[in-house]
Amino acid sequence: MSPAAATDGPLLSVRDLEVRTAAGRTLVHKASFDLKAGEVLGIVGESGSGKTLTARALVQALPEGVVADGDIDFDGTKILQSSARDLRPLRGSRFAMVLQDPFTALNPLQTVHEHIRESLDPKFRAGRVTARAEVERRLAEVGLAKEVADRYPFQLSGGMRQRVVIAAALARDPQLLIADEPTTALDASTQAQVLDLLRTLQRERGMALILITHDLRVAFSVSDSIMVMYSGTVLEHAPASSMSAAPRHPYSLGLLLAEPSVTHYQDTLSFIPGQVPAADTVTSRCAFADRCRWSTPSCTDKAPPLADITRVEDAARHTSACVRIAEIGAQMDDAMRSHAARPGIAPTPTTGAPLLQVTDLGKTYRSNSLLGRRTQTTVLKGVSFTLARGESLGLLGETGSGKTTTARCILGLTAATAGSIELDGVDITDYRRLRGEQRAQVRGKVQVVFQDPYASLNPSLTVGAALSEALSAGAGNERAPSSLEELLGLVGLSSSYAVRKPSALSGGERQRVAIARSLAVGPELLICDEPVAALDVSVQAQVLELLRDIRSRFKTSMLFITHDLSVARQMTDRTLVLRGGEVVEAGPTAQLLDAPEHAYTQSLVAAVSGHAPVTARSDR
Amino acid sequence: MIAVFVLKRIGAGVVLLLVLSFLVFSLLSLSPGTPLQALLGTRTASPELIDSLNVRYHLNDPFVVQYGRWLGDVVRLDLGSSISVQGGTAVGDILGERLALTAELALYALLLVLTVGLPLGMAAGIRRGRRLDRAVSLGATMAISAPAFVMAIVLLYIFGVALKWFPVYGTGTGFTERVSHLTLPAVTLATVLSAVLIRQTRAAMMNVMSQDYVAFARLRGLSPRRILVRYALRNASLPVITSLGLILVSLLSSTLFIEQVFSLPGIGTLLLQAVTNTDVPVVQGTVLILGAAVILINLAVDLLSLVVDPRVRLVAKEGA
Ligand SMILES: Nc1ncnc2c1ncn2[C@@H]1O[C@H](COP(=O)(O)OP(=O)(O)OP(=O)(O)O)[C@@H](O)[C@H]1O
Ligand code: SF4
Ligand SMILES: [Mg+2]
């Protein structure tokens, strides 16, 4: 037992933490919080809000060129004032950290056994037999079989790797574990299992946990208290139950409302307009003022302090950095209530003539290994569906389920090995067989929006140049917008954006430009491949609204590829569930999500509603 | 299994050697004049000599048969005898003599590269941006941009002519003398090669040190020593090993060149002599030996990466 746990004082106490670049630019401003032994703190906030830097500062693991200042007291140790040499004995044994990406966190040349053994306390590490037994015990604790010990990281799935990472981080039984987005890189159902594991381990060990995530649902399901960060500042810190029921900061409220619902259709998806400002521009005012509808001059006079607003219904201390919270609290409660009480009515699915007909689609990759032995991987098998004009069809499934391959076949980026694809009466199964003009026609009818707007835009072209190029390709099509202004207007951007380069745009803006580019030719079918997966919640809703708007205006058919059930709920009429390259279930989206029939769909639905069965560990 | 994989690699090497031998053999018919003229060289065409050459090279048989017989001889290490370089001496004997010197030079240079170049590159990668890194990188850039012969001449002048630390030409007898004679050429060679290798190891090291797994190892409180050896050095060695084949082959070709500059009677000098004098059997023998060396080097590098990288090992296991 640590002295802190015995006296019930905080295990970790952070006061006025400042993180700056070496050049003096503020990245995190005056972050203060406490964490008791055995408690779970969730840190949420949009990308760039300073979550990772805060967490890394706590264990003196900041990237090069970034320095921290302030007081961090971990069970009597002043972290920031300690030397690297003094801290090393504490690493792993008193506090540990798990990084976001399990695919890069393990040494590719070492077996799982070696990873865990080297992390163990010297008293277990020494003897061969003792070490072996201890490693097995540790693996069992994270739900892995002992055979896994002799495997190399590249032989494991993402979920298994993250389990190994967790086992290695916990090998010396630290009192505090910091997990920075530990599941973001994993599949939806694997995410739920790994979170479950973290939660279980935390409880069994009575270990304190700091969980960083941009997913509010995840934060609520695991944490005792939640800290909301924005632009390098802490805006609200509240018990999880209070935060989810009655947030006390307009930004927290905005985040909660922006989360698309998985249980019901929403007529309008709410979002927070505007953009996150740079941390060093808002150190002396309310960081959220530019985007807050309650903003008054009093908000920007000086930086609002993180004030104690604990009420009787709060299970623990509750602080908020909104100066007007006493006045606007009631309005915020109203917004929460009306959000919860108003399930929208999903528009009745359009049943036009079929536009796209996919029949028995199959795709098998043959690869000749370097030794001449042939291997076959079937990624699609007997996939059939029809997409009507104006309809939106969802393709739901995990990584490797064949969603993207289906899209690539339709786009002619890869050739199917079986079955046929017909678009508007033209057989497009093999693009190579199309005549030149036919191919151009097909390309004008199908367009795609990819997940990563960073990768899909040419960084050296201005927005105007990229879009003009696309517009000229669509010239002659009456569905296509006629001018650059009109096109930019379609995606809600002013014409001043034309002169910017992608590097000068935010993630959401880039995705808008990417959407604009695909709209330039006036497509009849828009394939959206995880269009919002790389975006923050507040921006996600904005982009989804835009896509809805486009669909209702142009009657564009959509093929919506996603792993996110709430996105499927909000954006599609019908949904196909793909698993291992096969369709396991298909039906109207609402019906499919409300009463899933196939066991796999059921497990997906269960995973998001936070009722994942603890025992279902498919990746073991 | 791995044994099968290795055997397959060796088999592929043998096939390559066969192709090479065929090309080498074709040299004879490709050289100006008839094969007989080529084999005669500047010697007077006495009937006995013509007869013996006809018998030795089966010149009256069809081409393929000629090749088969020649190959048979080669396998028995009989490469014929020199025409003009060392008239009458068996090519095998000439090669044996010259090869020893070239091999000594190459090994000496390799030793220097591995003990000086490689560690410098690694150290520069670890201490990125510090004084050591800057000095090493500057040196490497200079060495890369200076043509090898300029460097050779500068070294020759400074240490040979001006300071008289090392002999300027000749091979010396006995171990110490040999070493002192080979030092300047070996240093020149090693400098040229290290320049490339230093850049590579430095980049590999920097890349590895910025990897998540190194960060995670530190976060677990592993000892700096373990992180350096098991994490950094091992992982950084992978890209270096992959390029090692290329480096070793360029070591070989630079050796041929450096021999000229320092007038060392190695394989390189021999090859040049043989080509200028159109001594076909010697050219054939030299090219075959060099080709075999290149193939062997690549085989060795393949096997080395098999030892170091479990991913390659698994592919080998499953693939065979
Ligand atoms: N090494 C660095 N040097 C300079 N600025 C940095 C560095 N690392 C991060 N930043 C900046 O600090 C800010 C906060 O970054 P941080 O990584 O903490 O955000 P985050 O909340 O973890 O975001 P995400 O959800 O994307 O992981 C960002 O504006 C980022 O650009
Ligand atoms: S302080 Fe003002 S601007 Fe800031 S969140 Fe509160 S009301 Fe909005
Ligand atoms: Mg982060």
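It should be emphasised that the depicted structure is a prediction, and the values quoted were computed from it without experimental measurement.

Focus on a nonpolar patch on the surface
All names here are of chain B.
Next, step 1: A cluster of nonpolar residues, Phe149, Val150, Ile153, Val154, Tyr157, Ile158, Val161, Leu163, Trp165 and Phe257, forms a patch on the protein surface that exposes about 940 Å² of accessible area.
Next, step 2: Sort the elements by how many residues they give to the nonpolar patch and helix H7 (residues 148-162) lands first, with seven residues.
Next, step 3: Within the fold, Ile158 resides in helix H7.

Observations regarding the layout of surface pockets
Next, step 1: In this structure, the second largest pocket encloses a volume near 1300 Å³.
Next, step 2: Around the second largest pocket, the lining is made up of 31 residues, and of these Leu62 and Glu64 of chain A together with Met209, Val214 and Arg218 of chain B lie nearest the centre.
Next, step 3: Elements represented by at least two residues in the lining of the second largest pocket include exactly helix H3 (84-87) of chain A together with helix H5 (91-126), helix H8 (175-209), helix H9 (212-219) and helix H10 (224-261) of chain B.
Next, step 4: For the lining of the second largest pocket, the element with the most residues is H9 of chain B, which contributes five residues.
Next, step 5: Residues that form the lining of the second largest pocket fall into these classes: 15 nonpolar, six polar and ten charged.

A look at the domain arrangement of chain B
Residue and element names in this part refer to chain B.
Next, step 1: Domain boundaries in chain B define domain 1 (2-75) and domain 2 (99-317).
Next, step 2: With centres defined by C-alpha atoms, the gap from domain 1 to domain 2 works out at 34 Å.
Next, step 3: Domain 1 puts 20 residues into the contact, and the matching count from domain 2 is 17 residues.
Next, step 4: Contact with domain 2 buries surface across domain 1, with Ile2, Phe5 and Arg9 losing the most and accounting together for 31% of the total.
Next, step 5: Applying the counting criterion to the domain 1 and domain 2 interface returns one salt bridge.
Next, step 6: Here Arg9 ties to Asp302 by a salt bridge, and the two come within 2.4 Å at their closest N and O atoms.

A look at the site of ligand 2
Next, step 1: Surrounding ligand 2, one finds His249, Pro250, Cys286, Ala289, Cys292, Trp294, Ser295, Cys299, Cys322, Val323 and Arg324 of chain A.
Next, step 2: Here the residues of the shell around ligand 2 are counted per class, giving eight nonpolar, two polar and one charged.

A word on the site of ligand 1
All names here are of chain A.
Next, step 1: The immediate surroundings of ligand 1 are formed by 13 residues, with Ser47, Gly48, Lys51, Thr52 and Leu53 found nearest.
Next, step 2: Contacts to ligand 1 include Gly48, whose backbone N or O atom sits 2.8 Å from an oxygen atom.
Next, step 3: Within the backbone of Leu53, an N or O atom sits 2.9 Å from an oxygen atom of ligand 1.
Next, step 4: Contact with the protein chains hides 65% of the accessible area of ligand 1, taken as 630 Å² for the molecule alone.
Next, step 5: With three residues, the single largest contributor to the shell around ligand 1 is helix H2 (residues 51-58).

Describing the pairing of strand E19 (residues 525-529) of chain A
All names here are of chain A.
Next, step 1: Where burial is concerned, most of E19 is hidden: five out of the five residues are buried.
Next, step 2: Residues Leu525, Ile527 and Asp529 point to one face of E19 and Leu526 and Cys528 to the other, with burial holding for every one of them.
Next, step 3: Note that strand E18 (residues 446-449) and E19 share four bridges and pair parallel. Its bridge partner being in E19, Val446 is matched across the sheet by Leu525.
Next, step 4: Note: E19 against strand E20 (residues 557-562), five bridges, orientation parallel. When the bridges of E20 are listed, Asp529 appears paired with Ile561.

Overview of the interface of chain A and chain B
Next, step 1: On the chain B side, the residues contacting the 30 residues of chain A number 32 residues.
Next, step 2: Together chain A and chain B conceal approximately 2800 Å² of surface at their shared face, both sides included; 59% is due to carbon and sulfur atoms.
Next, step 3: Counting across the chain A and chain B interface gives three salt bridges.
Next, step 4: Between Arg220 of chain B and Glu118 of chain A there is a salt bridge whose closest N-O contact spans 3.3 Å.
Next, step 5: Here chain A and chain B share 14 residue pairs in polar contact (both at pLDDT 80 or more) between them.
Next, step 6: Top contributing element to the side of chain A that touches chain B by residue count: helix H4 (residues 112-119) of chain A, with four residues.
Next, step 7: Per-class residue counts for the side of chain A that touches chain B are 15 nonpolar, seven polar and eight charged.

Here we look at the pairing of strand E10 (residues 233-239) of chain A
Residue and element names in this part refer to chain A.
Next, step 1: With seven of its seven residues buried, E10 lies for the most part within the structure.
Next, step 2: Linking strand E9 (residues 225-230) back to E10 in an antiparallel pair, the connection comprises two residues, with Ser231 at a positive phi of about 50°.
Next, step 3: By the bridge criterion, two bridges tie E10 to strand E12 (residues 319-320) in an arrangement that is antiparallel. The residue of E12 that forms the bridge with His237 is Thr319.

Here we look at the environment of Asp51 of chain B
Next, step 1: The topology assignment puts Asp51 of chain B in helix H3 (residues 47-57).
Next, step 2: Expressed as a C-alpha distance, the spacing of Asp51 of chain B and Ser263 of chain B, which sit 212 residues apart in the sequence, is 38 Å.

Examining helix H11 (residues 250-258) of chain A
Next, step 1: The element H11 of chain A is extensively covered by neighbouring structure, given that nine of its nine residues are classed as buried.
Next, step 2: All buried positions along H11 of chain A are accounted for by Pro250, Tyr251, Ser252, Leu253, Gly254, Leu255, Leu256, Leu257 and Ala258 of chain A.

Digging into the packing of helix H11 (residues 267-276) of chain B against helix H12 (residues 280-308) of chain B
Residues and elements named next belong to chain B.
Next, step 1: Interaxial distance between H11 and H12 falls to 9 Å at its minimum, and their mutual angle equals 145°. With respect to the hand of their crossing, H11 and H12 are arranged in left-handed fashion. Here Ile267, Leu270, Leu271, Ala274 and Val275 of H11 come into contact with H12, specifically with Val282, Val283, Thr286, Val287 and Leu290.
Next, step 2: Its residues assigned to classes, the contact of H11 with H12 comprises nine nonpolar, one polar and no charged.

Thoughts on the packing of aromatic side chains
Next, step 1: Scanning all chains against the criterion turns up ten aromatic pairs over all chains.
Next, step 2: Summarising the aromatic geometry, the rings of Tyr230 of chain A and Phe288 of chain A are spaced 5.4 Å apart at their centres and angled 90° between planes, so their arrangement reads as edge-to-face. In this pair, Tyr230 of chain A sits in strand E9 while Phe288 of chain A sits in the loop between H11 and helix H12 (297-301), placing the two residues 58 residues apart along the sequence.
Next, step 3: Residue Tyr230 of chain A is classed as buried on the basis of its relative accessible area of 1%.
Next, step 4: For Phe288 of chain A, a relative accessible area of 3% puts it in the buried group.
Next, step 5: Aromatic side chains Phe22 of chain B and Tyr67 of chain B sit 5.0 Å apart centroid to centroid with 85° between the ring planes, which places their arrangement in the edge-to-face category.

Description of unusual backbone geometry
All names here are of chain A.
Next, step 1: A positive phi is found at Lys30, a non-glycine position, where the angle reads about 50°.
Next, step 2: Following the sequence through the fold, Lys30 ends up in strand E2 (residues 26-36).
Next, step 3: At Asp173, a position not held by glycine, the phi torsion is positive, near 50°.
Next, step 4: With respect to the helices and strands, the residue Asp173 is situated in the loop between helix H7 (158-169) and strand E7 (176-180).
Next, step 5: You can call Asp173 partly exposed: its relative accessible area is 41%.

The rules behind each value
Residues numbered from 1 in each chain as written. Chains lettered and ligands numbered in written order. Predicted model: local features only at pLDDT ≥ 70, side-chain atom pairs only at ≥ 80, totals over all residues. Heavy atoms only, no water. Patch = residues over 30% accessible without salt bridge, like charges linked within 9 Å, V, L, I, M, F, W, Y side chains within 5 Å. Areas by Shrake-Rupley, 256 points an atom, 1.4 Å probe, with all protein chains shown as cover. Salt bridge = Lys/Arg side-chain N within 4 Å of Asp/Glu carboxyl O. Helix = DSSP H or I, 4+ residues; strand = E, 2+ residues; numbered from the N terminus. 1 Å grid on protein atoms, 1.4 Å probe; cavity = no way out; pocket = protein on both sides within 12 Å on 5 of 7 lines; lining within 4 Å. Points joined across faces, edges and corners; volume = space filled by probe spheres on them. Nonpolar A, V, L, I, M, F, W, Y, C, P; charged D, E, K, R; others polar. Domains from an automatic or database assignment. Contact = heavy atoms within 4.5 Å. Buried area = accessible area lost by both parts, 1.4 Å probe. Near = heavy atom within 4 Å. Polar contact = N/O pair within 3.5 Å; in protein donor to acceptor, adjacent residues only side chain to side chain. Buried < 20%, exposed > 50% of the residue type's maximum accessible area, 1.4 Å probe, protein only. Pairing = 2+ DSSP bridges. Axes fitted to C-alpha atoms, helices over the stretch in contact; angles between N-to-C directions. Left-handed = near helix turned anticlockwise from the far one by under 90°. Phe/Tyr/Trp six-rings, centres within 6.5 Å; stacked < 30°, edge-to-face > 60°.

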